[in-house]
Amino acid sequence: AIRILLEYVEAEWEDVIYPIGPKPTYDRSCWYDVKEQQDLEFPNLPYMFDGEVKISQSTSILRHVARKFSMEGSTEVMKAKADEEI
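Within each chain, residue numbers correspond to sequence positions counted from 1 in written order. Under the rules for a predicted model, residues below a pLDDT of 70 receive no local features and side-chain atom pairs below 80 are neither given nor counted, while totals for whole chains, interfaces and linings still include all residues. Calculated side-chain values reflect all of the structure's heavy atoms, with hydrogen atoms and water omitted.

Concerning helix α3 (residues 58–68)
Stage number 1. The classification of residues rests on relative accessible area computed with a 1.4 Å probe and restricted to protein chains. Under 20% of the type maximum is buried, over 50% is exposed, and intermediate values are partly exposed. Secondary structure elements are defined from DSSP: runs of H or I of at least 4 residues count as helices, runs of E of at least 2 residues count as strands, and each element is numbered from the N terminus. I61, L62, H64, V65 and A66 are the residues of α3 that are buried.
Stage number 2. Buried residues along α3 sit against α1 (2–8), β1 (47–50) and β2 (53–56).
Stage number 3. Directly beyond the C-terminal end of α3, a positive phi value near 55 degrees is found at S70. Only heavy atoms enter the contact rule, under which two residues are in contact if any of them lie within 4.5 Å.

Some thoughts on the pairing of β1
Stage number 1. Sheet topology note: the β1/β2 ladder contains four bridges and is antiparallel. Paired with Y47 across the two strands is S56, which belongs to β2.
Stage number 2. Where β1 hands over to β2, the hairpin turn is made up of two residues, of which G51 adopts a positive phi near 65 degrees. At least two bridges found by DSSP between two strands is the condition for calling them paired.

What about the packing of aromatic side chains?
Stage number 1. Ring pairs are drawn from Phe, Tyr and Trp, using the six-membered ring of Trp, whenever the two centres fall within 6.5 Å, and their geometry is named by plane angle: stacked under 30 degrees, edge-to-face over 60, tilted for the rest. If you walk through the whole model with that rule in mind, you get four aromatic pairs.
Stage number 2. Pairing Y47 with F49 gives two aromatic rings, centres 5.2 Å apart and planes at 45 degrees, and the pair type is tilted.
Stage number 3. The exposure class assigned to F49 is partly exposed, which follows from its relative accessible area of 40%.
Stage number 4. Ring-pair connections join several aromatic residues into one group, and the members of that group are Y18, W31, Y47 and F49.
Stage number 5. Against the face of F49 rests K54, its NZ or CZ located 5.7 Å from the ring centre. Any Lys NZ or Arg CZ that is within 6 Å of a ring centre and within 35 degrees of that ring's normal is treated as a charge sitting over the ring.

Structural notes on the side chain of Q38
Stage number 1. Summarising the element assignment, Q38 is placed in the loop between α2 (29–35) and β1.
Stage number 2. Pairs of N or O atoms within 3.5 Å make up the polar contacts considered here, provided that, within protein, one atom can donate a hydrogen while the other can accept it, and that residues adjacent in sequence are counted only when both atoms are side-chain atoms. At 3.5 Å, the side chain of Q38 forms a polar contact with the backbone oxygen of V34.
Stage number 3. Beyond its immediate stretch of four places on either side in the chain, Q38 contacts Y18, W31, Y47 and F49.

A closer look at the nonpolar core
Stage number 1. Put simply, buried Ala, Val, Leu, Ile, Met, Phe, Trp, Tyr and Cys residues joined by side-chain atoms within 4.5 Å make one nonpolar core. Residues I2, L5, L6, V9, A11, M48, I61, L62 and V65 constitute the largest nonpolar core, which totals nine residues.
Stage number 2. For this core, the elements supplying multiple residues, two or more each, are α1 and α3.
Stage number 3. Setting aside anything within four residues of it in sequence, one finds M48 in contact with L6, V53, K54, I55, I61, H64 and V65.

Here's the deal with unusual backbone geometry
Stage number 1. With omega at 10 degrees, the peptide bond leading from K23 into P24 counts as cis.
Stage number 2. A cis amide bond, omega -5 degrees, links L45 with the succeeding residue P46.
Stage number 3. Tracing the backbone shows P46 in the loop between α2 and β1.
Stage number 4. Its identity is not glycine, yet Y26 carries a phi of approximately 50 degrees, on the positive side.
Stage number 5. Looking at where Y26 falls in the secondary structure, it is placed in the loop between α1 and α2.
Stage number 6. Here Y26 falls in the partly exposed class, since its relative accessible area comes to 35%.
Stage number 7. One non-glycine residue, D39, lies in positive phi territory at about 55 degrees.
Stage number 8. Relative to the elements of secondary structure, D39 occurs in the loop between α2 and β1.
Stage number 9. Relative accessible area serves as the criterion here: at 53%, D39 is assigned to the exposed category.

In short, geometric facts, not functional conclusions.
Quick look at the structure:
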């Protein structure tokens, strides 16, 4: 959903993929090796850096993009409907 929204609003963004290793262990060291260096309060995937805004969690990212591109709505009802779509 994040990628779709970013494309929809025609935002410039970089997609960073952290591949996992093969089964049965599904090695995640490529993410774990950089996780704590990302300067995130909650270092989880997905994450987004947008200038001074550094956030993780899908819903938080979607809400940030919606606010930034004036998609949030101007009334409480419209804002609630926008949240419902997330």
